[in-house]
Amino acid sequence: MSDQNPYEKLGVSEEASFDEIQDARNRLFQQHNGDTKHLEVIEAAYDAILMDRLRMRQEGKIKVPERIRFPELRVQSPPKESPIPRQQSPAWLQGLLDEPSPADILLPGAWFLGLSSISLFYPEGGEQILQLALVVGVGTSIYFLNRKEGKFGRAVLLTLLTLIIGLIAGGLVAIWLLPQIPFLNLSSNQFSTVLTFIFFWLVSSFLR
């Protein structure tokens with residue numbers, strides 16, 4: 001086999017296509033699987049053919065498909081640049097936001113959903129029930145916030161701020177929204193209270 005030219009070693013003609021050369025190499029690899037010496041000869045013949053084809057290509061005698069991998073080009077590809085990291089949120093925001101567990105979301109959610117139901121369906125003239133539900137909501141928010149960090153003062157402050165924002169925002173939205181959907185049959189106080197409970201749930205679940 002040493003006196004043969006590379007084409008003869010692979011069992012192909014000099015006019016063979018690259019696909020035929022590749023197929024011949026793979027077939028011989030399967031035939032001599034485990035025979036290191038034969039495999040080295042086959043690989044050397046294959047590389048020699050590719051080098052010959054590359055020379056012919058450089059001389060303009062043939063056109064070689066771009067998918068052909070030449071021996072001198074078999075270098076380790078440079079490592080891919082890591083994608084540009086997404087811009088992280090500000091440090092102060094990361095310090096406020098929490099990654100709650102399902103229990104931290106569902107448990108407060110169940111409480112505030114129940115309080116919202118009471119607020120929506122309380123009997124006519126029962127404004128005291130609405131106020132009581134709001135008081136319970138404040139206590140619930142303080143409890144869940146304090147349970148996370150153990151900072152009672154901070155829990156009270158966040159709850160009071162949420163209460164003020166919820167009532168003000170609820171009142172403003174109710175003035176604009178309720179006249180457009182009269183079938184809801186809600187009072188402004190009911191709407192503001194329910195929106196406040198939603199804010200309580202968001203704060204107690206997703207803030208530290």
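That block above? That's the structure.
So, here's what we can say about the structure.

What counts as what
The written sequence of each chain sets the order in which its residues are numbered from 1. Only residues with pLDDT of at least 70 get local features here, since the model is predicted, and only at 80 or more are side-chain atom pairs given and counted; chain-wide, interface and lining totals rely on the full set of residues. The basis for every side-chain value is the complete set of heavy atoms in the structure, and neither hydrogens nor water enter the calculation. Each salt bridge in this description consists of a side-chain nitrogen of Lys or Arg and a carboxyl oxygen of Asp or Glu lying within 4 Å of one another. Runs of E in the DSSP output that reach at least two residues are strands. Runs of H or I that reach at least four are helices, and both are numbered from the N terminus. Aromatic rings from Phe, Tyr and Trp, taking only the six-membered ring of Trp, are treated as a pair when their centres fall within 6.5 Å; an angle between ring planes under 30 degrees marks them as stacked, one over 60 as edge-to-face, and anything in between as tilted. Burial status follows relative accessibility: with a 1.4 Å probe on protein chains alone, a residue under 20% of its type maximum counts as buried, one over 50% as exposed, and anything between as partly exposed. Whenever a helix is involved, its axis is fitted only over the stretch in contact; in every case the axis is a line through C-alpha atoms, and angles between N-to-C directions fall within 0 to 180 degrees. When an angle is under 35 degrees it counts as roughly parallel; over 145 it counts as roughly antiparallel; between 65 and 115 it counts as roughly perpendicular; any other value is oblique. Contact between two residues is taken to exist if any of their heavy atoms lie within 4.5 Å; hydrogens are not considered. Asp, Glu, Lys and Arg are counted as charged, while Ala, Val, Leu, Ile, Met, Phe, Trp, Tyr, Cys and Pro are counted as nonpolar; the rest, among them Gly, fall into the polar class. What a helix is expected to span follows from its residue count: subtract one and scale by 1.5 Å. Only buried residues count toward a nonpolar core, which is a set of Ala, Val, Leu, Ile, Met, Phe, Trp, Tyr and Cys residues joined through side-chain atoms within 4.5 Å. Grouping into patches uses exposed residues only, defined as over 30% relative accessible area, and leaves out salt-bridged ones; the cut-off is 9 Å for like charges and 5 Å for nonpolar side chains (Val, Leu, Ile, Met, Phe, Trp, Tyr). All accessible areas in this document rest on Shrake-Rupley with a 1.4 Å probe, and a residue is counted as covered only by the protein chains that are shown.

### Description of the pattern of salt bridges
Moving on, step 1. Inspection of the entire model under this criterion finds 3 salt bridges.
Moving on, step 2. A salt bridge links Asp104 to Arg147; the nearest nitrogen and oxygen atoms lie 3.4 Å apart. Taken as a pair, Asp104 in helix 5 (residues 102-120) and Arg147 in helix 6 (residues 127-149) lie far apart in primary sequence, 43 residues in all.

### Re the packing of aromatic side chains
The relation between two aromatic rings is expressed through the spacing of the ring centres and the mutual angle of the planes.
Moving on, step 1. Following the criterion strictly, the structure yields 5 aromatic pairs and no others.
Moving on, step 2. With a centroid separation of 5.9 Å and 35° between ring planes, the pair formed by Phe112 and Phe200 is classed as tilted. Taken as a pair, Phe112 in helix 5 and Phe200 in helix 8 (residues 188-206) lie far apart in primary sequence, 88 residues in all.
Moving on, step 3. Consider the rings of Trp201 and Phe206, whose centres lie 5.8 Å apart with planes at 85°: the pair is edge-to-face.
Moving on, step 4. A relative accessible area of 25% means that Trp201 is categorised as partly exposed.

### Points about the environment of Pro102
Moving on, step 1. Within the element layout of this structure, Pro102 appears in helix 5.
Moving on, step 2. Given the relative accessible area of 59%, Pro102 is considered exposed.
Moving on, step 3. Taking C-alpha positions, Pro102 is 9.5 Å from Ser205, a pair spaced 103 residues apart along the chain.

### With respect to the packing of helix 5 against helix 8
Moving on, step 1. Running from amino to carboxyl end, helix 5 crosses helix 8 at an angle of 170°, the nearest separation of the two axes being 9 Å. Between helix 5 and helix 8, the angle falls in the class roughly antiparallel. Across the interface between the two elements, Asp104, Ile105, Pro108, Gly109, Phe112, Leu115, Ser116, Ser119 and Leu120 from helix 5 touch Gln190, Thr193, Val194, Phe197, Phe200, Trp201, Ser204, Ser205 and Phe206 from helix 8.
Moving on, step 2. Taken together, the residues of the contact of helix 5 with helix 8 break down into 10 nonpolar, 7 polar and 1 charged.

### Here we look at helix 8
Moving on, step 1. Taking 1.5 Å per residue, 19 residues should reach 27 Å; helix 8 reaches 27 Å between its end C-alpha atoms and fits that length.
Moving on, step 2. Taken together, the buried positions of helix 8 are occupied by Gln190, Phe191, Ser192, Thr193, Val194, Leu195, Thr196, Phe197, Phe200, Val203, Ser204 and Ser205.
Moving on, step 3. Looking at the buried side of helix 8, the elements it contacts are helix 5, helix 6 and helix 7 (152-177).

### Let's talk about the nonpolar core
Side chains of nonpolar character tend, in soluble globular proteins, to be buried together.
Moving on, step 1. Membership of the largest hydrophobic core comes to 14 residues, with the highest contact counts inside it found for Phe197 and Phe200.
Moving on, step 2. Put simply, the parts of the chain that give this core at least two residues each are helix 5, helix 6, helix 7 and helix 8.
Moving on, step 3. Tallying contributions element by element places helix 6 first for this core, with 5 residues.
Moving on, step 4. If we skip the residues at most four places from it in the chain, Phe197 touches Phe112, Leu115, Ser116, Ser119, Ala133, Leu134 and Gly137.
Moving on, step 5. Formed by 13 residues, the second largest nonpolar core is a distinct cluster that contains Leu10, Leu28, Ile42 and Leu50.

### A closer look at helix 6
Moving on, step 1. An ideal rise of 1.5 Å per residue puts 33 Å on 23 residues; helix 6 measures up with 34 Å between its terminal C-alpha atoms.
Moving on, step 2. Of all the positions in helix 6, only Leu130, Ala133, Leu134, Gly137, Val138, Thr140, Ser141, Ile142, Phe144 and Leu145 are classed as buried.
Moving on, step 3. At its buried positions, helix 6 is contacted by helix 5, helix 7 and helix 8.
Moving on, step 4. Where helix 6 ends, the next residue or the one after it, Gly150, has phi of about 70°, a positive value.

### Some thoughts on a nonpolar patch on the surface
Moving on, step 1. A contiguous nonpolar patch, built from Leu107, Trp111, Leu132, Val135 and Val136 and spanning about 470 Å² of accessible area, is present on the exposed surface.
Moving on, step 2. Residue assignment for the nonpolar patch shows that the elements contributing at least two residues are helix 5 and helix 6.
Moving on, step 3. At 3 residues, helix 6 tops the list of elements feeding residues into the nonpolar patch.
Moving on, step 4. Secondary-structure assignment places Leu107 in helix 5.

### Side note on the packing of helix 5 against helix 6
Moving on, step 1. Two numbers describe how helix 5 lies on helix 6: the axes approach to 9 Å, and their chain directions differ by 170°. Taken together, the axes of helix 5 and helix 6 lie roughly antiparallel to each other. Note on element contacts: helix 6 touches helix 5 through Ile129, Leu130, Ala133, Val136, Gly137, Thr140, Ser141, Phe144 and Arg147, opposite Asp104, Leu107, Pro108, Trp111, Phe112, Leu115, Ile118 and Ser119.
Moving on, step 2. Tallied by class, residues from the contact of helix 5 with helix 6 come to 11 nonpolar, 4 polar and 2 charged.

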